[in-house]
Amino acid sequence: MLNAAAAERNKEPILAVLRESVNTGRSLQALEISSGTGQHVTHFAQALRNIVWQPSEFDRQSLASIEAYRAHYQQHNVRPAIHLDASLPYQYWGGIQPESLDLLVNINMIHISPMACTEGLFKGAGAVLKPQGLLLTYGPYAVNGQITPQSNIDFDYSLRQRNSEWGLRDIALLSSTAQSYGLFLEKMVDMPANNKCLLFRKESLV
Ligand SMILES: C[S@@+](CC[C@H](N)C(=O)[O-])C[C@H]1O[C@@H](n2cnc3c(N)ncnc32)[C@H](O)[C@@H]1O
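Residues numbered from 1 in each chain as written. Predicted model: local features only at pLDDT ≥ 70, side-chain atom pairs only at ≥ 80, totals over all residues.

The name an unreviewed UniProt entry gives the protein is Methyltransferase-like 26, with Cyclopterus lumpus as the organism. The protein has a UniProt comment under Sequence similarities (unreviewed entry) that states "Belongs to the UPF0585 family." (UniProt positions renumbered as here; feature names shortened; annotations may be inferred.)

So, in structure tokens, the structure goes:
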């Protein structure tokens, strides 16, 4: 059971956004992409029991941690974690079916992975979400080409030093990427520590 300090800090504020954004009165299916340690999915599943959660990870060590959380908490609404590379087409996402999900959650991945992962995330979301399904992303972002405050500018710089394909993405770019796959940016929520939650809704066919 790995422990990420950031996940411990942000899991409750993100849960508060989920509570406001999802229906708590009927059975829902959710996928988390890049579940990390498993702290988020465990926390959300405990609070939102009407949702069946599918955790996933790219990193094998993290998959083992998610399984350790699952074994510890014995939650009936958390499925065994699957290996998932967000940059691949959804057909490689461990059997996730088209239009099968009400909710997709992705926390702190977009800026710490190549743009191909973000592209894959939105493309896959467009395919696997039901009409009116929701994609929630969380992290630090640029707004209209500006990164604020200085701590996020420094963070962006350090990410790009580590990997030239990483870095904070602009919300306008995410919004237009989302639109190409049938999702629209419905809401932005300011979060502690200069992060944001972005809520993208899958459009219904008319
Ligand atoms: C900063 S961690 C965030 C983990 C977790 N969501 C959290 O907030 O604690 C970034 C995550 O992105 C995942 N990641 C990197 N490349 C990925 C890919 N191609 N597909 C899916 N996840 C990926 C990493 O394995 C890692 O767990």
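So that's the structure; there's more coming.
(A) Summary view of the site of the ligand. For the ligand, the set of nearby residues contains 21 residues, the closest of which are Ser-34, Gly-36, Phe-58, Asp-59 and Ala-86. Tallied by class, the residues present in the shell around the ligand amount to ten nonpolar, eight polar and three charged. (Near = placed C-beta within 6 Å. Nonpolar A, V, L, I, M, F, W, Y, C, P; charged D, E, K, R; others polar.)

(B) Up close: the environment of Leu-101. Take Leu-101: it is sitting in strand β5 (residues 101-107). Separated by ten residues in the primary sequence, Leu-101 and Gln-91 place their C-alpha atoms 14 Å from one another. When residues no more than four places from it in sequence are discounted, the contact partners of Leu-101 are Gln-29, Ala-30, Leu-31, Val-128, Leu-129, Lys-130 and Gly-133. (Helix = DSSP H or I, 4+ residues; strand = E, 2+ residues; numbered from the N terminus. Contact = placed C-beta atoms within 7 Å.)

(C) Structural context of the environment of Asn-77. Of note, Asn-77 is situated in the loop between α3 (60-73) and β4 (82-83). Judged by the 17 C-beta atoms lying within 10 Å of it, Asn-77 is partly exposed. Once the C-alpha coordinates of Asn-77 and Ser-56 are considered, the two residues, 21 residues apart in sequence, prove to be 14 Å apart. Apart from the residues lying within four places of it in its own chain, the contact partners of Asn-77 are Ala-45, Arg-49, Ile-51, Val-52 and Trp-53. (Buried ≥ 20, exposed ≤ 12 C-beta atoms within 10 Å, placed from the backbone.)

(D) Structural detail: the nonpolar core. Counting residues in each nonpolar core, the largest one holds 43 residues, and the members touching the most others are Ala-30, Leu-103, Leu-104, Ala-125, Leu-135 and Leu-136. It is helix α4 (residues 115-128) that contributes the most residues to this core, six residues altogether. Discounting chain neighbours no more than four positions away, the residues touching Ala-125 are Leu-104, Leu-135, Tyr-181 and Leu-183. (Core = buried A, V, L, I, M, F, W, Y, C linked by C-beta atoms within 7 Å.)

(E) Summary view of the pairing of β5. Burial runs high along β5: seven of the seven residues are buried. Examined bridge by bridge, β5 and strand β6 (residues 129-139) share six bridges and lie parallel to one another. Along β6, the bridge assignment pairs Leu-103 with Leu-134. In this fold, the crossover linking β5 to β6 by way of α4 has right-handed handedness. (Pairing = 2+ DSSP bridges. Right-handed = clockwise from strand over helix to strand, strands pointing away.)

(F) Focus on the packing of helix α1 (residues 5-21) against helix α2 (residues 39-47). Running from N to C, α1 and α2 point in directions that differ by 40°, and their axes come no closer than 10 Å. By the angle between their axes, α1 is oblique relative to α2. The handedness of the crossing between α1 and α2 is right-handed. Judged by residue contacts, Ala-7, Glu-8, Lys-11, Leu-15 and Leu-18 of α1 engage Gln-39, His-40, His-43, Phe-44 and Ala-47 from α2. Among the residues forming the contact of α1 with α2, the class breakdown is five nonpolar, three polar and two charged. (Axes fitted to C-alpha atoms, helices over the stretch in contact; angles between N-to-C directions. Parallel < 35°, antiparallel > 145°, perpendicular 65-115°, else oblique. Left-handed = near helix turned anticlockwise from the far one by under 90°.)

(G) Just the pairing of strand β1 (residues 28-33), in detail. Of all six residues in β1, six are buried, a share of seventy percent or more. Along β1, one buried face is formed by Leu-28, Ala-30 and Glu-32 and the opposite face, lined by Gln-29, Leu-31 and Ile-33, is buried too. Here β1 pairs with strand β2 (residues 51-54) via four bridges, running parallel. When the bridges of β2 are listed, Gln-29 appears paired with Val-52. Crossover connection from β1 via α2 to parallel β2: handedness right-handed. Here four bridges tie β1 to β5, and the two strands are oriented parallel to one another. Counterpart to Ala-30 in the pairing with β5 is Leu-103.

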